[in-house]
Amino acid sequence: MTLTEPKPQATLATTPGDTTPHTPSRWGPKLWAVLFVAGLAMFLDALDVSMVGVALPSIGAELGLETASLQWIVNGYILGYGGLLLLGGRMADLLGRRQVFLSALVVFGVASLVGGLVDNEALLIASRIVKGVAAAFTAPAALSIITTTFKEGHDRNKALSIFTVFGATGYASGLIASGLLTSVDWRLTFFAPVVVVAAVLVAAFFVVPKNAEREKGHIDFLGSATLTGGMLAAVYTIVTVPETGFTPLVTATTAAAVVLLGAFFVIENKVAHPLVRLSIFKVKSIVRANLAALAIFGSYISFQTIVSLYLQNTLQWEPIQMAMALAPAGIIVAILSPIAGKFIDRYGTKSMIIASMAAFVLGYLWFILRGGSAQPNYLADYLPAFLLLGLGFAIGFSSVMVQATEGISDDEQGLASGLVQTSGQIGGAVVLAIVTGLISGGAATSIAQYRPGLYLVTAVAVIGLLASATALLGRRAVEAESVVEAA
């Protein structure tokens, strides 16, 4: 199949009873139920990320972990998630979305339970990696269930905006729940997702159709292995170099990263059924969507880690105080996400993504300029930054997901969904690894030690803004050329 840049006014072939992508249709109870179950998977992922972020200082205090070790609790999950998302999306296409979704949920719940029981650093990180691997299968399966259930256009835009609400609700709920649970015992933040997993499993068993079609093809395990291995080696190198320099081990992992990632691209060009059909990157809108996802998640995951360590370790805030401080960002997302689809219909994904990245840049700059006071005024110094970040995520996430999957046939929705989520997770892992190296080095007594990390976070968001802005510049150039030709 040959892909071209999706055209705003394109329509899809329809069967009797279907509507065009730009014509709303009435949703029955079955459609709402499918959306609800898929959304719960998004809720679960966001819940876990926000709860662990708040609990990091408490975990470090009990287990005696330094910042470099703590970041692996976050990055272990991200790497398992990002490294296998493409495989998860492809397996959902080939083995059936329902089967992959249910099986991965069980693994997610078991890994979460184990993580709450262990006392060993290596076992805790291992449980997080396994949990991330499970999420790598639930997330693209859930997203491709939505994109193949709801027609491209208004219906899909609306569904994805509601899908974002579940993520925002999970994130906000995780912050508050983690603040309360961590005050008792950080292990409760690992046990809480198990309850959610059980509820999602029961609902999915009855709601997700059993007769979901399976696409034809083969699974590129070799491509998946080289991608995951290359990412692990690259992130290990980035994390370790600032502390140890290029030791023989670090030199070996650097070489391994180069070889494995290079092999991945060679394999994808050679095999008959690649994990990633590289020609998909010829579609400029899909490339821009993936760059935006990388910038959004890469900057925000690192920012949350910095804020969590700064507020709790440096300013000595209680976990519940820190959680409530960040909660407005999740509330803004929950309020605005349901109507994001309307804005996408009216203004298009390009303009929405640019506005989103601008909000992120302004939010980070506000925190850098106002958030370093030893006696901060929350309403003046912190709240505006957190509200801007919530606004950026509310209008950006749905827009990125729509842009990344539009114009893609159903048999590759799992690939497109996994690809954009992989970009976000890779961004989160790599940027967090670099930020950790920048802010490590003893107990921080002021904001000064965190500023290099904050500068990098802001720079990543600025790069995302510039990359997104090229879309409008290109469109205006095409419009100007059309005017000249018409004249």
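Chains are numbered independently. Their residues run from 1 in the order of the written sequence. Reporting in this predicted model follows two pLDDT cut-offs: at least 70 for local features of residues, and 80 or more for side-chain atom pairs to be given and counted; totals over whole chains, interfaces and linings ignore these cut-offs and use all residues. Here the side-chain values reflect all heavy atoms present in the structure, with hydrogen atoms and water set aside.

**Concerning empty space enclosed by the protein**
Phase 1 of the analysis: In the cavity and pocket records, a cavity denotes points on a 1 Å grid over the protein atoms alone where a 1.4 Å probe fits but cannot get out, a pocket denotes an open set with protein on both sides within 12 Å along at least 5 of 7 lines, and lining residues are residues with an atom within 4 Å of a point. Grid points are joined across faces, edges and corners, and a volume is the space filled by probe spheres set on the points. Across all of its chains, the model carries five cavities of 30 Å³ or more by this definition.
Phase 2 of the analysis: Counted as a void, the largest cavity has a volume near 610 Å³.
Phase 3 of the analysis: Together, 36 residues line the largest cavity, and A46, V49, Y171, F297 and F393 are the ones closest to its centre.
Phase 4 of the analysis: Counting only elements with at least two residues in the lining of the largest cavity, the list comes to α1 (29-63), α2 (67-95), α4 (121-149), α5 (154-184), α9 (284-314), α10 (319-370), α11 (378-405) and α12 (413-439).
Phase 5 of the analysis: With seven residues, α1 is the single largest residue contributor to the lining of the largest cavity. Helix numbers and strand numbers start at the N terminus; a helix is a DSSP run of H or I with at least 4 residues, a strand a run of E with at least 2.

**Details of the layout of surface pockets**
Phase 1 of the analysis: Considering only enclosed or pocket space, the second largest pocket measures out at about 430 Å³ in volume.
Phase 2 of the analysis: As for the second largest pocket, its lining consists of 23 residues, of which L227, F265, T422, S423 and I426 are closest to the centre.
Phase 3 of the analysis: Those elements that provide at least two residues to the lining of the second largest pocket are α2, α7 (221-244), α8 (248-270), α9 and α12.
Phase 4 of the analysis: Ten residue types, Ala, Val, Leu, Ile, Met, Phe, Trp, Tyr, Cys and Pro, are classed as nonpolar, four, Asp, Glu, Lys and Arg, as charged, and the remainder, Gly among them, as polar. Taken together, the residues that form the lining of the second largest pocket break down as 19 nonpolar, four polar and no charged.

**Notes on the packing of α1 against α2**
Phase 1 of the analysis: Look at α1 against α2: their axes get within 8 Å of each other, and the N-to-C directions meet at 155 degrees. What the angle tells us is that α1 and α2 run roughly antiparallel. Remark: the crossing between α1 and α2 carries right-handed chirality. On the side of α1, the interface is formed by D45, D48, V49, V52, L56, I59 and G60, while α2 contributes L70, I73, V74, Y77 and Y81.
Phase 2 of the analysis: Classifying every residue of the contact of α1 with α2 gives nine nonpolar, one polar and two charged. To define axes, lines are fitted to C-alpha atoms, for helices over the stretch in contact only, and angles between the resulting N-to-C directions are given on a 0 to 180 degree scale. Note on angle classes: values under 35 degrees are labelled roughly parallel, values over 145 roughly antiparallel, values of 65 to 115 roughly perpendicular, and the remainder oblique. Helix crossings fall into two classes, left-handed where the near helix is turned counterclockwise from the far one by less than a right angle and right-handed where it is turned clockwise. Throughout, a residue-residue contact means that at least one pair of heavy atoms, one from each residue, lies within 4.5 Å.

**Examining a nonpolar patch on the surface**
Phase 1 of the analysis: Judged by side-chain polarity, V106, V110 and V114 come together as a nonpolar surface patch covering roughly 220 Å² of accessible area.
Phase 2 of the analysis: Locating V106 in the fold gives a position in helix α3 (residues 97-117). Any residue with relative accessible area above 30% and no salt bridge may belong to a patch, with like charges joined within 9 Å and the nonpolar Val, Leu, Ile, Met, Phe, Trp and Tyr side chains within 5 Å. Where accessible areas are quoted, they stem from the Shrake-Rupley method and a 1.4 Å probe; at the residue level, only the protein chains shown are allowed to cover. A pair is scored as a salt bridge if a Lys or Arg side-chain nitrogen falls within 4 Å of a carboxyl oxygen belonging to Asp or Glu.

**Section: the packing of α9 against α10**
Phase 1 of the analysis: Two elements in contact, α9 and α10, have axes separated by 9 Å at closest approach and are oriented at 165 degrees. Classed by the angle they form, the pair α9 and α10 counts as roughly antiparallel. Taken as a pair, α9 and α10 cross one another with a handedness that is right-handed.
Phase 2 of the analysis: Looking at the contact of α9 with α10, its residues break down into 16 nonpolar, five polar and two charged.

**Details of the packing of aromatic side chains**
Phase 1 of the analysis: Two aromatic rings from Phe, Tyr or Trp, using only the six-membered ring of Trp, form a pair when their centres are within 6.5 Å; if the ring planes differ by under 30 degrees the pair is stacked, by over 60 it is edge-to-face, and anything between is tilted. Counted by the stated rule, this structure contains 22 aromatic pairs.
Phase 2 of the analysis: Relative to F190, the ring of W186 lies with its centre 5.6 Å away and its plane at 75 degrees, an arrangement referred to as edge-to-face.
Phase 3 of the analysis: Only protein chains enter the area calculation, which uses a 1.4 Å probe; residues under 20% of their type maximum are buried, those over 50% are exposed, and those in between are partly exposed. Under the relative-accessibility criterion, F190 is labelled buried at 1%.
Phase 4 of the analysis: Here, over-ring charges are defined by two tests on the NZ atom of lysine or the CZ atom of arginine: distance to the ring centre within 6 Å, and angle to the ring normal within 35 degrees. Just above the ring of F205 sits the side chain of R98; from NZ or CZ to the centre is 5.1 Å.

**Considering the nonpolar core**
Phase 1 of the analysis: The biggest cluster of nonpolar side chains holds 135 residues, and the ones touching the most others in it are I59, I73, F101, F303 and F367.
Phase 2 of the analysis: Here this core takes 17 residues from α1, the largest share from any one element.
Phase 3 of the analysis: Each residue touching F303, except ones within four places of it in the same chain, is listed here: Y364, F367, F386, L389, L454 and V457. Buried Ala, Val, Leu, Ile, Met, Phe, Trp, Tyr and Cys residues that are joined via side-chain atoms within 4.5 Å together make up what is termed a nonpolar core.

**Observations concerning the confidence of the model for the chain**
Phase 1 of the analysis: On average, residues of the chain score 80 in pLDDT, and 87% of them are at 70 or above.
Phase 2 of the analysis: For every residue, the pLDDT score states the predictor's confidence, bounded by 0 at the bottom and 100 at the top. The low-confidence segment residues 1-23, where pLDDT is below 50, has 33 contacts with residues more than four positions distant or belonging to other chains.
Phase 3 of the analysis: Taken as a whole, residues 477-484 scores under 50 in pLDDT and shows zero contacts with residues more than four places along the chain or in a different chain.

**What to know about the pattern of salt bridges**
Phase 1 of the analysis: All told, the structure shown has five salt bridges when counted by the stated rule.
Phase 2 of the analysis: For R187, the salt bridge identified is with E62, shortest N-O distance 3.3 Å. Taken together, the residues R187 in the loop between α5 and α6 (188-207) and E62 in helix α1 connect sequence positions 125 residues apart.
Phase 3 of the analysis: Residue E62 is classed as partly exposed on the basis of its relative accessible area of 45%.

**Description of the environment of V107**
Phase 1 of the analysis: Mapped onto the secondary structure, V107 falls in helix α3.
Phase 2 of the analysis: In this structure V107 comes out as partly exposed when scored by relative accessible area, which is 39%.
Phase 3 of the analysis: Residues V107 and V133, 26 residues apart in the sequence, show an inter-C-alpha distance of 8.8 Å.
Phase 4 of the analysis: Aside from chain neighbours lying at most four places away, what touches V107 is V130 and A134.

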